[in-house]
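Chain residues, written in single-letter form:
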Amino acid sequence: QAIPVALAQSVSSLCYSSVVLFLALYADEIGLVSAAGFFFVVWAAVVMVSRPFVGRRFDAKGENSVMYAAFLVCALGLAVFSQARTGWMLLVAAVVIGLGFGAVQSSGQAIVAKIIPPHRMGLAVSTQFVFIDAGVGVGSLLWGTLIPFTGYRGMYVAAAVVAGSCLLLYWA
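Cut-offs used in this document
Residues numbered from 1 in each chain as written. Predicted model: local features only at pLDDT ≥ 70, side-chain atom pairs only at ≥ 80, totals over all residues. Heavy atoms only, no water. Phe/Tyr/Trp six-rings, centres within 6.5 Å; stacked < 30°, edge-to-face > 60°. Buried < 20%, exposed > 50% of the residue type's maximum accessible area, 1.4 Å probe, protein only. Helix = DSSP H or I, 4+ residues; strand = E, 2+ residues; numbered from the N terminus. Core = buried A, V, L, I, M, F, W, Y, C linked by side-chain atoms within 4.5 Å. Contact = heavy atoms within 4.5 Å. Axes fitted to C-alpha atoms, helices over the stretch in contact; angles between N-to-C directions. Nonpolar A, V, L, I, M, F, W, Y, C, P; charged D, E, K, R; others polar. 1 Å grid on protein atoms, 1.4 Å probe; cavity = no way out; pocket = protein on both sides within 12 Å on 5 of 7 lines; lining within 4 Å. Points joined across faces, edges and corners; volume = space filled by probe spheres on them. Salt bridge = Lys/Arg side-chain N within 4 Å of Asp/Glu carboxyl O.

The next subject is the packing of aromatic side chains. Within the structure shown, the criterion is met by 14 aromatic pairs. Geometrically, the ring pair formed by Phe39 and Phe40 is edge-to-face, given 5.2 Å between the ring centres and 80° between the ring planes. On the accessibility criterion, Phe39 (0% relative accessible area) is buried. Residues Phe40 and Trp43 carry aromatic rings whose centres are separated by 5.3 Å and whose planes lie at 40° to one another, so their mutual orientation is tilted. Linking Phe40 with Trp43, this pair stays in helix 2 (residues 33–61), spanning 3 residues, or about one helical turn. The partly exposed category is assigned to Phe40, whose relative accessible area is 34%. Trp43 sits in the buried class, given a relative accessible area of 8%. Taken together, the aromatic side chains of Tyr16, Phe22, Tyr26, Phe39, Phe40, Trp43, Phe81, Phe101, Tyr152 and Tyr156 make up a single cluster linked through ring pairs.

Below you can see the structure in the form of structure tokens.
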């Protein structure tokens, strides 16, 4: 029962890996190494601050209201990231991406906890994390292979499109 949500999270994690794995190289190429040093600090702060608000929306309006918005925000954040030309733009992308991926992670886990019987929770959560880790692993191969053909900006545009496709995958 956890596999459909875990699959959407896996594809989302595939996109997340593009940032984690290639931020330093991308920042060096576009001359934003100083701002990149703050990227994950901003990202983590946004995830931490947004979680209570995301959780309240999840409880009040349901999981779909969070997940659809989160996948859309992930795609938007990656699109902004792909076009970053200044330090502030890179950090705005950190805010948007942190909000999106943070909501996908926490809400996906909450969905699994909601639909799985308590005696199957360990199996369900481990399945979910295997799918997330698989997405990161496949992402490193996929994006690394794509960069020579598209460059970093093109690779991040492709990641934004894939993140947007999570909307359809989650719906299905």
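Here the narrative resumes.
What follows deals with the nonpolar core. Phe39, Leu78, Phe81, Leu90, Ile97 and Tyr156 are the most contacted members of the largest nonpolar core, which totals 49 residues. For this core, the secondary structure elements donating two or more residues are helix 1 (3–30), helix 2, helix 3 (63–82), helix 4 (87–115) and helix 5 (121–171). Broken down by element, the residue count for this core peaks at 11 residues, all from helix 5. Ignoring any residue separated from it by four or fewer positions in sequence, one finds Leu78 in contact with Cys15, Ser18, Val19, Ile97, Phe101, Tyr156, Ala159, Ala160 and Ala163.

For the rest of this paragraph, the subject is the packing of helix 1 against helix 5. Their axes nearest at 3 Å, the elements helix 1 and helix 5 cross at an angle of 35°. Its residues placed into classes, the contact of helix 1 with helix 5 shows 32 nonpolar, 12 polar and 2 charged.

Further remarks concern the layout of surface pockets. Taken as a whole, the largest pocket spans an internal volume of roughly 180 Å³. Taken together, 13 residues line the largest pocket, and the ones lying closest to its centre are Tyr16, Trp43, Phe101, Gly102 and Gln105. Those elements giving two or more residues to the lining of the largest pocket turn out to be helix 1, helix 2, helix 4 and helix 5. A per-class count over the lining of the largest pocket returns 7 nonpolar, 5 polar and 1 charged.

As a further point, take the pattern of salt bridges. Note on pairing: side chains with opposite charge can pair once their charged atoms come close. A full pass over the atoms with the stated rule returns 1 salt bridge. Measuring nitrogen to oxygen at the nearest pair gives 2.6 Å for the salt bridge that ties Lys114 to Glu63. A residue pair is termed long-range when its members are at least 10 positions apart, and Lys114 in helix 4 and Glu63 in helix 3 qualify at 51 residues. Residue classification places Lys114 among the exposed residues on the basis of a relative accessible area of 54%.

Just distances and angles here, no functional claims.
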